[in-house]
Amino acid sequence: MEKWMQEMVLNQTSFLLSCQLPSGTFRLGPQRDQINPYFTNLGVISLIRMKEVEAVRGHLDWYLQNLNANGYINDFRLEQGREIDTGTNDSEDSYHTTYFSLLAEWIRATGRIDWLHANHATLLSLLQAVARLQQKDGLTWAKHSYRVKYLMDNCEVAKGLADASYLFSLIGDVNAAEEAASRAKACELGISGMYSRIRKSYAMYDRTYPGWRKWYPDVTSQAFPIVYSMTDANTASLLYQRITDAFPHFDTFQTGDLYPWMTMGVCAQMMGDKTRVKTMLVTATDLYIHGPRYPYWLIQDAGRYIELLLDVDSSGSDKSCSTQR
């Protein structure tokens, strides 16, 4: 790994750790007063690779301790050091399922089966909370009060349910493991049903297809089946070609969006587009981490940035898209 990359891995690990609160969870940024459990789930996975497993455990514990009366979790805000429940969240399906994915990585790194046993009942409640959102077509509503089936959410749901199956199998809960696996498969089938061969794209939600001049959520949504390995290689290649045709300079953040969307770097990496990955990392360092867009640099993008830096170094094996997880 190049020296600047090594330095930036450490720099961004420190950035993430500086966002951790005494309660164990993380704020969106060092100066931010928002706590978003979903973005935290995504952001701190990279800390596991950096051996900061106790920091991650702090968030894993906090999450289960802060479920609401309906079995989901809300966003929080900081007021004079106190964490205040906002009473709302951006989604319910993705929050729990990205939690399962974070937890699966933590368990692989730590082997803490005792933690799983101790939290078995609560983890079952998370699975059932997701199950309540899943419909006959396998897709989940974003929230029980917002009955929209988003492509982005459902890619995270299918992955998270598969991870939940793995977790329950580790502690011998065969019924829960089989249910989670069955629901993951149903969700994958539902996602495949969102694809239109005529439009050569996935529905962003329900039966609404993307406009290819709009970055978010239209074009960004098409990256998620690639990022979460929910599509075949030919469809992935077609989608990525359409993404790069529509926004050829997304790697220098010329998208009309002030937020960096480092997830798109993961998409480029999985498609073997090493040039765009490298450009995105260099530009993010100059424009966001050390530049004028620093206020828009939050934990989820810092986490993706670390993952990309680490994988650039180990990219002797091509991380191209496949249907395998």
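Residues numbered from 1 in each chain as written. Predicted model: local features only at pLDDT ≥ 70, side-chain atom pairs only at ≥ 80, totals over all residues. Heavy atoms only, no water.

Asks: Help me understand unusual backbone geometry in this model?
Replies: Leaving glycine aside, a negative phi is the common case for residues, and trans is the common case for peptide bonds. For the bond from Tyr-216 to Pro-217, the omega torsion is 0 degrees, close enough to zero to count as cis. On the secondary structure map, Pro-217 appears in helix 10 (residues 215-221). Phi at Lys-51 is positive, roughly 65 degrees, even though this residue is not glycine. Counting through the fold element by element, Lys-51 comes out in the loop between helix 3 (45-49) and helix 4 (53-65). Accessibility expressed as a relative area gives 70% for Lys-51, which makes it exposed. (Helix = DSSP H or I, 4+ residues; strand = E, 2+ residues; numbered from the N terminus. Buried < 20%, exposed > 50% of the residue type's maximum accessible area, 1.4 Å probe, protein only.)

Asks: How should the packing of helix 5 (residues 93-110) against helix 7 (residues 120-131) be read in this particular structure?
Replies: Axis separation between helix 5 and helix 7 bottoms out at 9 Å; the angle between their running directions is 140 degrees. The angle between helix 5 and helix 7 places the two elements in the oblique class. Helix 7 is crossed by helix 5, and the crossing has left-handed handedness. Along the contact surface, helix 5 presents His-96, Thr-97, Tyr-99, Phe-100 and Leu-103, while helix 7 presents Leu-123, Leu-126, Leu-127, Ala-129 and Val-130. Among the residues making up the contact of helix 5 with helix 7, the classes are represented as eight nonpolar, two polar and no charged. (Axes fitted to C-alpha atoms, helices over the stretch in contact; angles between N-to-C directions. Parallel < 35°, antiparallel > 145°, perpendicular 65-115°, else oblique. Left-handed = near helix turned anticlockwise from the far one by under 90°. Contact = heavy atoms within 4.5 Å. Nonpolar A, V, L, I, M, F, W, Y, C, P; charged D, E, K, R; others polar.)

Asks: Explanation requested: the nonpolar core in the structure shown.
Replies: Soluble, globular proteins show a tendency: their nonpolar side chains are buried together. Of all hydrophobic cores here, the largest spans 100 residues; its most connected members are Leu-103 and Leu-123. Residue contributions to this core peak at nine residues, all from helix 8 (residues 151-170). Residue contacts for Leu-123: discarding those within four places in its chain leaves Leu-64, Tyr-99, Phe-100, Leu-103, Trp-115, Leu-116 and Phe-168. (Core = buried A, V, L, I, M, F, W, Y, C linked by side-chain atoms within 4.5 Å.)

Asks: What is the right way to look at the environment of Thr-255 in this model?
Replies: Turning to its location among the elements, Thr-255 is positioned in the loop between helix 12 (233-246) and helix 13 (263-270). Discounting chain neighbours no more than four positions away, the residues touching Thr-255 are Trp-215, Phe-247 and Phe-250.

Asks: What is the right way to read the sheet that holds strand 2 (residues 76-79) from this model?
Replies: Strand pairing in a sheet relies on backbone hydrogen bonds, with the paired strands running either antiparallel or parallel. Strand order in the open sheet formed by three strands is 1-2-3, and the pairing between neighbours is antiparallel. Edge positions in the open sheet fall to strand 1 (34-35) and strand 3 (82-85), since each of these has one partner strand only. (Pairing = 2+ DSSP bridges.)

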